[in-house]
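Each chain, letter by letter, is given below.
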Amino acid sequence: MTDALIRLRDRLPGLRLSTDPGDLEHYGRDWTRRWTPAPLAVALPASVDEVQAIVRWANDEGVAVVPSGGRTGLSGGAVAANGELVLSLERMNRVLDFDAIDRTLTVQAGAPLEAVQNAARERGLAYPVDFAARGSCSIGGNIATNAGGIRVIRYGNTREWVAGLKVVTGAGDVLELNRALVKNSSGYDLRHLFVASEGTLGIIVEATLRLADPPPPTSVMLLAIPSFEHLMQVFAAFRERVTLEAFEFFTDRAIEHVLAHGGQKPFDDAHPFYVVTEFAVDEEASMAAAMAAFEHCVEHGLVSDGVISQSDAQAAQLWRLREGITESLAKHVPYKNDVSVRISAMPAFLAETQALLGEAYPQFEVVWFGHIGDGNLHINVLKPDGMANAAFVADCEQVTRLLSDALVRHGGSISAEHGIGLVKKSYLLGTRSAGEVALMRGIKRALDPNALMNPGKVFDA
Ligand code: FAD
Ligand code: MLT
Ligand code: ZN
C-alpha cells in the first residue's frame, strides 16, 4: 500500500479499500476490454460522508479518481488504467425514499437500474428507461452517460427522469441540485451538467427520479424488411397509426449471432433486415391500427413478413432477438459505433453510411442494429479471430474518421447514448464546436479545480 493510501486508511478506518490484484482488474475496466486495468486501489464507500472524505483526500494527495457504477459502459468511461483510485458506488445501492405525491423515488447512485424499475413497479408506477444491461448497470452510471435504450422513442433518455441529484463535486463539496422541483427558474440548472458528465465533474451519490404511469398493455411485432431503404418508411407507417413504445432494427447477421446462442428462427425464410416494434393496445382501435400499418407496408412492398406476439412469453422471445445482440457479439470483441442523426436526416445518412462502410470494411463482418426510431444506429465491426486487437482498432479508427466526417455533413453525433469516454474522444470535435469544448473545460475547472475526476475522459482538461 502506498503512503497516500495509508493516509486514506488513517482518515477513514472503516472504509472498504482493496489493492487485491483480482479487484484491481475487475474494477479497473468496463465492457470495452480495450485497456489494461491498472488502478492504484478500489474504494467502496458506504455513505456520502465517506465519498466526500475520499474526494478531499484525493485533492490533498493529487490522486485521480474514476467513478465506477456497474462498468457495463461501452465507451471506456469507467476504465482505470493509470494508477487512479476507483471509487465504486456498488455498496451505495439502497432505495431511500418514495414520494407518492411528487411521484418520485430517491435512490443511492449504485442502485442497479432493474432494482429501480422494480421499486417503481412495487409502488404502482414505472421507471421507464430500459435496456439489456438493466441487471448490472447502475442508476449513477445511467445518469453519468445519459443512457438511452429501447424506450427512448416514447419516454426519452435518462435525463428526462432526473428530478434532483446529490453530488460530491471534484472540489469535495456536497451539492443538492434542483431538490426535485418541477419548476425552478432560479438560474443555471447544474443538475443537467452532471447528466452525461461521465464522472468528469464529480460523483453522483443520490438521485431523485421522476416516475411515470404504469405502461399500457402492449403488443410486440417482428417485421421482416427486404431493403434498408424501406426502414424509415415502415417507421413512418407505424408511427402515424399507433403509439410506439419501441421501434428497434437489426440485420440478418445480428439475428444469426443471437440464434447461435439458442432460440428459434422467427420465420422460415431469412430476411436481410428486421424490426421489433412494441405499441400500446390500450384502446379497442389500437390493434386494428397496427394491422392497418402492417398491411399498408406489405401492400407497398416495405415489409415481407411479420409476426405478432400472442402472449407475454412470445413477446419476450421476440425481444430476445434484439436484446440478445450485445451479449452474443461480445466474444468477437466488437468495435462499436453509436451514432445519431435527426430522424429526418436518417434516410440520407443511412444511404451514405451503408455505401461508405460497404467499401471501407470488406475485410470485416459488420453488424448493424439500433434504435432507428430515435435516429440512433449501432454499427458493430467484429474482430476476426487471431487478429491483434491494436491492429484491428487501428483499422476501424480509419473508417470512424470517415464516419465522423459523414456525421458532420448530416449534423449528427459520434455518441448517441454510450458516451465519449476514451473510445470516441478524438472525434468529439466533429460533434461539438471548439467553443463548446472550451466551455466544457471551463465548467470542469470550476467543479474539479485540480482535474482529478476521471481525467482523460471525454476531453483532455
Ligand atoms: P459505468 O460503466 O460504471 O460508468 C459509465 C460512466 O459513468 C463512466 O464514465 C463512469 O466514470 C461514470 N459513472 C458511473 N457512476 C457514476 C457516479 N455515481 N457518479 C459519476 N459518474 C459515474 N447504453 C445505452 O444507453 N442504451 C442501451 O440500450 C444500452 N444497452 C446495453 C446493453 C448491454 C448488454 C451492455 C453491456 C451495455 C449497454 N449499454 C447501453 C451501455 C451501458 O449499460 C450504459 O452506458 C450504462 O448507463 C452504464 O452504467 P454503469 O453503471 O455500468 O456505468
Ligand atoms: C443496445 O442498443 O443494444 C446497446 O446500446 C448496446 C450496444 O450497442 O451493444
Ligand atoms: Zn443502444
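Each value, and the rule that gives it
- Within each chain, residue numbers correspond to sequence positions counted from 1 in written order.
- The naming scheme follows written order: chains are lettered A onward, ligands numbered 1 onward.
- Reporting of local features is limited, given that this is a predicted model, to residues whose pLDDT is at least 70; pairs of side-chain atoms are given and counted only at 80 or more, and all residues count toward the totals for whole chains, interfaces and linings.
- Side-chain measures were taken over the full set of non-hydrogen atoms in the model, leaving aside hydrogen atoms and water.
- Here a donor is an N, O or S atom found within 2.8 Å of the metal, or within 3.2 Å if the metal is Na, K or Ca; sites may look incomplete because water is not among the atoms.
- Summary of the burial criterion: residues with accessible area below 20% of their type's maximum are buried, those above 50% are exposed, and those between are partly exposed, where the area comes from a 1.4 Å probe applied to protein chains only.
- Per the convention used, a helix needs a DSSP run of H or I reaching at least four residues, while a strand needs a run of E reaching at least two, with both numbered from the N terminus.
- The length a helix should cover is 1.5 Å for every residue beyond the first.
- Regarding the arc, it is the one traced by the directions from the helix axis to the C-beta atoms.
- Throughout, a residue-residue contact means that at least one pair of heavy atoms, one from each residue, lies within 4.5 Å.
- Here a residue is near a molecule or strand as soon as one of its heavy atoms is found within 4 Å of it.
- Whenever two N or O atoms come within 3.5 Å, that pair is a polar contact, provided that in protein one can donate a hydrogen and the other can accept it, and provided that, for residues adjacent in sequence, both atoms are side-chain atoms.
- To be clear on the numbers: accessible area is Shrake-Rupley with a 1.4 Å probe, and residue cover counts the displayed protein chains and nothing else.
- Strand pairing is defined by DSSP finding a minimum of two bridges between the two strands.

*Asks:* Honestly, the coordination of the zinc ion (ligand 3) in this entry has me stumped. Any pointers?
*Replies:* Any two of four tetrahedral donors ideally make an angle of 109.5 degrees at the metal, while pairs among six octahedral donors ideally make 90 or 180 degrees. The coordination sphere of the zinc ion (ligand 3) contains the protein donors His371 (NE2), His378 (NE2) and Glu417 (OE), at a distance range of 1.9 to 2.1 Å. In terms of primary sequence, the donors binding the zinc ion (ligand 3) are separated according to H-x6-H-x38-E. Summarising the burial analysis for this pair, histidine 371 and histidine 378 share the class buried.

*Asks:* Any chance you could explain helix 10 (residues 284–299) here in plain terms?
*Replies:* Given 3.6 residues per helical turn, the α-helix brings residues three or four places apart onto the same face. Its 16 residues place the ends of helix 10 24 Å apart at the C-alpha level, agreeing with the 22 Å of an ideal helix rising 1.5 Å per residue. Listing the buried residues of helix 10 in full gives Ser286, Ala289, Ala290, Ala293, Phe294 and Cys297. For helix 10, the arc enclosing every buried residue in end-on projection is 140°, short of the 170-degree limit, so these residues lie on one face. Of the exposed residues in helix 10, the ones pointing more than 90 degrees away from its buried face are Glu284, Ala288 and Glu299. Considering only its buried residues, helix 10 is in contact with strand 10 (218–225), helix 8 (231–241), strand 12 (273–280) and strand 13 (305–308). Remark: glycine 301 follows helix 10 within two positions and exhibits a positive phi of approximately 70°.

*Asks:* Honestly, the site of ligand 1 in this entry has me stumped. Any pointers?
*Replies:* Residues in contact with ligand 1 amount to 35 residues; listed here are only the nearest, Pro67, Gly70, Arg71, Thr72 and Ser138. Backbone polar atom of glycine 148 to an oxygen atom of ligand 1: 2.9 Å apart, as the coordinates give it. Glutamate 417 places a side-chain nitrogen or oxygen 3.2 Å from a nitrogen atom of ligand 1. Expressed as a share of its isolated accessible area of 980 Å², the protein-covered part of ligand 1 is 97%. When contributions to the shell around ligand 1 are tallied by element, the ones reaching two or more residues are strand 3 (65–68), helix 5 (139–145) and strand 9 (202–210).

*Asks:* When you look at the site of ligand 2 in this model, what are you seeing that I'm missing?
*Replies:* Residues in contact with ligand 2, as listed here, are Leu74, Arg322, Thr326, Lys336, Phe369, His371, His378, Glu417 and His418. Here arginine 322 contributes a side-chain N or O atom positioned 2.6 Å from an oxygen atom of ligand 2. One of the side-chain N or O atoms of histidine 418 is found 2.7 Å from an oxygen atom in ligand 2. When ligand 2 sits alone it has 270 Å² of accessible area, and the protein chains cover 86% of it.

*Asks:* How should the pairing of strand 5 (residues 95–99) be read in this particular structure?
*Replies:* Each regular strand displays side chains that alternate between the two surfaces of the sheet. Where strand 5 lies against strand 6 (residues 104–108), 4 bridges are found, and the strand directions are antiparallel. Bridge pairing links aspartate 97 to threonine 106 in strand 6. Connecting strand 5 to the antiparallel partner strand 6 that follows it, the hairpin turn spans 4 residues, and arginine 103 within it adopts a positive phi of roughly 55°.

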